[in-house]
Amino acid sequence: MSQAGFILRLGTGLLGALLSSATPGGSVPTETGVRDLHYGEALFQLFQQRNFTAITHLQIAQAKGTMTAQGDEPELVLGGLYLAYGLYEEAEQLFKRLLEKAAKPAVRDRAWFQLARLHQQQGRPKRAAAAFARIGDALPDTLHEQQRELAGLIAMAQGDHPLAVQRLVSSDGRSAWQGFHLYNRALAQLGQGREKEGRDLLDQLARLDADDDEHRALRDRANLLHGQLLLEAGENAAAQARLQQVRLQGLHSNQALLALGWASFRQDQFEAALTPWMALALRDPDDPAVQQGLLLAPQALQQLGAESEALKRYRQALQFYQTELTTLGLSIQAVAKGALLPDLSALDGRAETDGLLLAGDPDQRRRLRGLLAKHRFRQAYDDYVDMGFLSANLRRWSSTIETYDHMLEVRQAAYSEQLPRVEAALSDQRLQGLRQRHEKLLELQKKLADSSRSLRLANAEEQAQLGRIQSIEKRMGQLGDAVELEEKRQRLRLMKGMLQWQVETDFKPRLWQFSKLLRSTDDALERSRQLRERLQGALEQAPGRFEGFSGRIESLKARIAELQTTVNAALKAQAGALNRLASESLQQRRQGLEALQVRTRFALAQLQDQAAARSEVRP
C-alpha cells in the first residue's frame, strides 16, 4: 500500500495504519467524496508521493479560508501527514484543536483514535490507554478492526496480556485484520507463559488463506515462530514439519532454512540437515543466517564421514569470514570518514524520494544496504532524506526569490513610465466642466417640467423652421398692414400653429427622453469620478506598496537564510547520528563474524586433531 493511501486512510476513516507488522489494503469508499477543489488538489499531491507539497497546499488553503466544503477532513489528513513525517507534537496539537472545537462525534472519535495511536507509537501506553478510553460509538465501521488491534497492542505494552488476548478476538472471521489479530494474540499468550495456547493460535494463522504478499509473509512468520518454539521444546520432528511450510523465497526463508537444518541435525538426519545449510551458502552472504550456515554445513559433512569435504568447507568459511572482516573494517573506516551518506544537494525539491541513497562504491553499498533493514536506522535515515529535501527546497526558494526583486523593479519602472500620463489625466479639468454643464441641463429639465415652454425641446429641423417663420414674420412686419399680405400672414400663423402643436404634442415623450439621457450621462460622470478617485488613491499608495513589498521580500530572504542555517545544522547532526548507528551496527556484525571465525577455527582444529590421532593409531 502506498504512503499516500496510508495517510488518506488516517484522515478519512480508512486508517490502514501499521498497527502490526503489515497493513491490509483497502479502497476509498464512494461516500467519501471530494467537494472542494483545493482539497482535491492536496489529495492529488499526496497520491503523487509529494507529501511536503500536499502539506503546503493544505496549510495555504486553510490560511486563506478557501477550503470549507470538506469540514474537518483536511485537518485529519494533515495530521496523518504530520505523523508520516514524524512530527508527533504537531500532530498531537492538531488533533487536540479538533477536540477543543467540539467537533462532530465522528471527527472527535477519529481524533481520539489518532491520539491513542500516536501515544502507542511513541511508547506512552498510559496516555494511549487514556486517549483510547475517550473513543465513543461514532467511529466508522471501517476502523473497528484497527481499533481492536490498537486496543490489543496497548494492553500488551502495559503488560496486561490477558486483556490483550481478550481484545484481539476478531468479530468478523473474514476480516483482513484477522491474521494480525491472531499473531498478536499468540504473542500475548506466549508473553504470559501459555505456550500451548500461543502455538494453537499460530497454527490457526498458518491455515488461513493468504491472497496477498503481506498475508503470505505473515503466515511465514507464524510458521517460523512456531517452528522455533517447537525446536526449543525439543520437538524436532514437529518443528521440521512446521518449518518446511515457510516459503523458500520469502522474507523469513533464511532463518527458516537455518532452523530446519537444526531440526534435522538433532534427529541425526545429517544428510537432511545438509540440504538447507548448503542452500544457505548460495544466498546473500551479508545475512547472519547465511554466515552461520557456512559453519554448520561442514559439521553435517563431518557427521556423514566426509571429513575431507568438511575440511575444505571449514577452510572456505574461514577465508570468507576473514574477507568479510577485512571489508567490514574498510566499511567502518569509511563510515568514520563520513563516506556513508551522499551529498543530498542532488535533490531538486520537485519530488520526495524513498529510494536508497547510500554513498560509496557498489561493494560498500551492498554491505551497508542491510542497515536499512533495521527499523531504528531506517527511521533515522528517512528523517535525513526529509531534511535533505527541505534543504533543497530552501536552496530553490533562495534562488527564486530574486525573481520577486526583478518583478518589483519592472513594476516600479512601469509606474515611473506611466506616472506623467496619470498626473496629466488627474490635472485635466474637462471633467469638472462636464459636471457643470450637466448641472445646468438638470436645471433646464426642472424648468421645462414646471413650465409650458415646449419649444425648448424642438429638434434641429423644427427649430430651423421656427427660425424661418420668425424671420418671415419680421419682414412682413416691416411691410406694414397691407391688405394683400393678410392672406400670407394667415397662412404663416397656420404654419406656426401647426409647428407649435406638433412640438407640444410630443413634449412629454421628448421630456422623458431628455431625462433619460441626463440620467445616463450622470452615471457616466459618476463612473468617471470613481475611476479618478481610484487613480488618485493608487497614485498615493503605490510608493508605500513598493516599500512594503520590498520589505517583505527582504524579510523572507532573511527567514530563508535563517531556516537554511537551522536545517543544515540539523542535517549535519542527523548525518552524525546515522554514522554512529552505522558504526554500531557494523561493529556488532564484526563481533558476530569474529565469534563465528573462532568457532570455525576450533572446529577445524578439532577435525585436524582427530585426523592426526587416527593416523598415529594406524600401524
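Residues numbered from 1 in each chain as written. Predicted model: local features only at pLDDT ≥ 70, side-chain atom pairs only at ≥ 80, totals over all residues. Heavy atoms only, no water.

Caption draft 1: Geometry of the overall build of the protein chain. Helix and strand counts for the protein chain come out as 23 helices and 0 strands. A separation of at least 24 residues holds for 66% of the contacts in the protein chain among residues at least 6 apart in sequence. (Helix = DSSP H or I, 4+ residues; strand = E, 2+ residues; numbered from the N terminus. Contact = heavy atoms within 4.5 Å.)

Caption draft 2: Looking closely at unusual backbone geometry. Unlike most non-glycine residues, Asp268 shows phi in positive territory, near 60°. Structurally, the position occupied by Asp268 is in the loop between helix 14 (253–265) and helix 15 (270–281).

Caption draft 3: Local environment of the side chain of Gln147. Here Gln147 shows up in helix 8 (residues 144–157). Among residues more than four places away in sequence, those in contact with Gln147 are Phe113, Phe132, Ile135 and Leu139.

Caption draft 4: Focus on the confidence of the model for the protein chain. Per-residue confidence for the protein chain averages 75 on the pLDDT scale, and 72% of its residues sit at or above 70. Contacts for the low-pLDDT stretch residues 1–32, under 50 throughout, to residues beyond four places or in other chains number 90 contacts. Within the model, pLDDT remains below 50 along residues 345–356, and this stretch shows 29 contacts once partners closer than five positions in the same chain are excluded. (pLDDT = per-residue confidence, 0-100.)

Caption draft 5: Representation of the side chain of Asn579. By the element assignment, Asn579 lies in helix 23 (residues 507–617). Note on Asn579: relative accessible area 18%, which makes it buried. (Buried < 20%, exposed > 50% of the residue type's maximum accessible area, 1.4 Å probe, protein only.)

Caption draft 6: Expanded view of the packing of aromatic side chains. Applying the stated rule across the entire model yields 6 aromatic pairs. Measuring from ring centre to ring centre gives 5.5 Å for Trp262 and Trp277, while their planes differ by 75°; the resulting arrangement is edge-to-face. With Trp262 in helix 14 and Trp277 in helix 15, this residue pair connects regions lying 15 residues apart in the sequence. Owing to a relative accessible area of 0%, Trp277 belongs among the buried residues under this scheme. For the pair Phe265 and Trp277, a centre-to-centre distance of 5.7 Å together with 40° between the ring planes defines the contact as tilted. Of this pair, Phe265 sits in helix 14 while Trp277 is found in helix 15, placing the two residues 12 residues apart along the sequence. (Phe/Tyr/Trp six-rings, centres within 6.5 Å; stacked < 30°, edge-to-face > 60°.)

Caption draft 7: Spatial organisation of the pattern of salt bridges. Under the defined criterion, the tally for this structure stands at 12 salt bridges. Here Arg194 and Glu197 are joined by a salt bridge, their closest N and O atoms 3.6 Å apart. Overall, the relative accessible area of 39% leaves Arg194 in the partly exposed class. A residue is classified by how much of its surface remains accessible, and Glu197, at 29% relative accessible area, is partly exposed. Residue Asp203 pairs with Arg242 through a salt bridge whose shortest N-O separation is 2.6 Å. (Salt bridge = Lys/Arg side-chain N within 4 Å of Asp/Glu carboxyl O.)

Caption draft 8: Structural context of helix 13 (residues 236–243). Those residues of helix 13 that sit buried are Asn236, Ala239, Gln240, Arg242 and Leu243. Along helix 13, the residues classed as buried sweep out an arc of 165° about the axis, all on the same side. Those residues of helix 13 hidden inside the fold are in contact with helix 11 (195–206), helix 12 (213–232) and helix 14. (Arc of directions from axis to C-beta.)

Caption draft 9: Quick look at the nonpolar core. Within the largest apolar cluster, 44 residues are counted, with the highest numbers of intra-cluster contacts made by Trp277 and Tyr321. At the level of elements, helix 14, helix 15, helix 16 (288–303), helix 17 (307–336), helix 19 (375–427) and helix 23 are the ones that each hand at least two residues to this core. With near-sequence residues (within four places) excluded, Trp277 lies in contact with Leu257, Leu258, Gly261, Trp262, Phe265, Gly293, Leu296, Ala297 and Ala300. Judged by nonpolar contacts, the second largest core, of 40 residues, contains Val77, Phe95, Trp112 and Ala131. (Core = buried A, V, L, I, M, F, W, Y, C linked by side-chain atoms within 4.5 Å.)

Caption draft 10: Structural detail: the environment of Leu225. Residue position: Leu225 is located in helix 12. By relative accessible area, which is 17% here, Leu225 ends up buried. Along the chain, Leu225 and Leu202 lie 23 residues apart, while their C-alpha atoms are 8.1 Å from each other. If near-sequence neighbours (up to four positions away) are discounted, Leu225 is found in contact with Tyr183, Leu187, Leu190 and Leu202.

Caption draft 11: Spatial organisation of the packing of helix 6 (residues 105–121) against helix 7 (residues 125–133). Packing of helix 6 against helix 7 brings their axes to within 8 Å, and their N-to-C directions diverge by 165°. In terms of orientation, helix 6 lies roughly antiparallel with respect to helix 7. When you trace helix 6 past helix 7, the crossing you get is left-handed. For the pair helix 6 and helix 7, the contacting residues are Trp112, Leu115, Ala116, His119 and Gln120 in the first and Arg127, Ala128, Ala131 and Phe132 in the second. A per-class count over the contact of helix 6 with helix 7 returns 6 nonpolar, 2 polar and 1 charged. (Axes fitted to C-alpha atoms, helices over the stretch in contact; angles between N-to-C directions. Parallel < 35°, antiparallel > 145°, perpendicular 65-115°, else oblique. Left-handed = near helix turned anticlockwise from the far one by under 90°. Nonpolar A, V, L, I, M, F, W, Y, C, P; charged D, E, K, R; others polar.)

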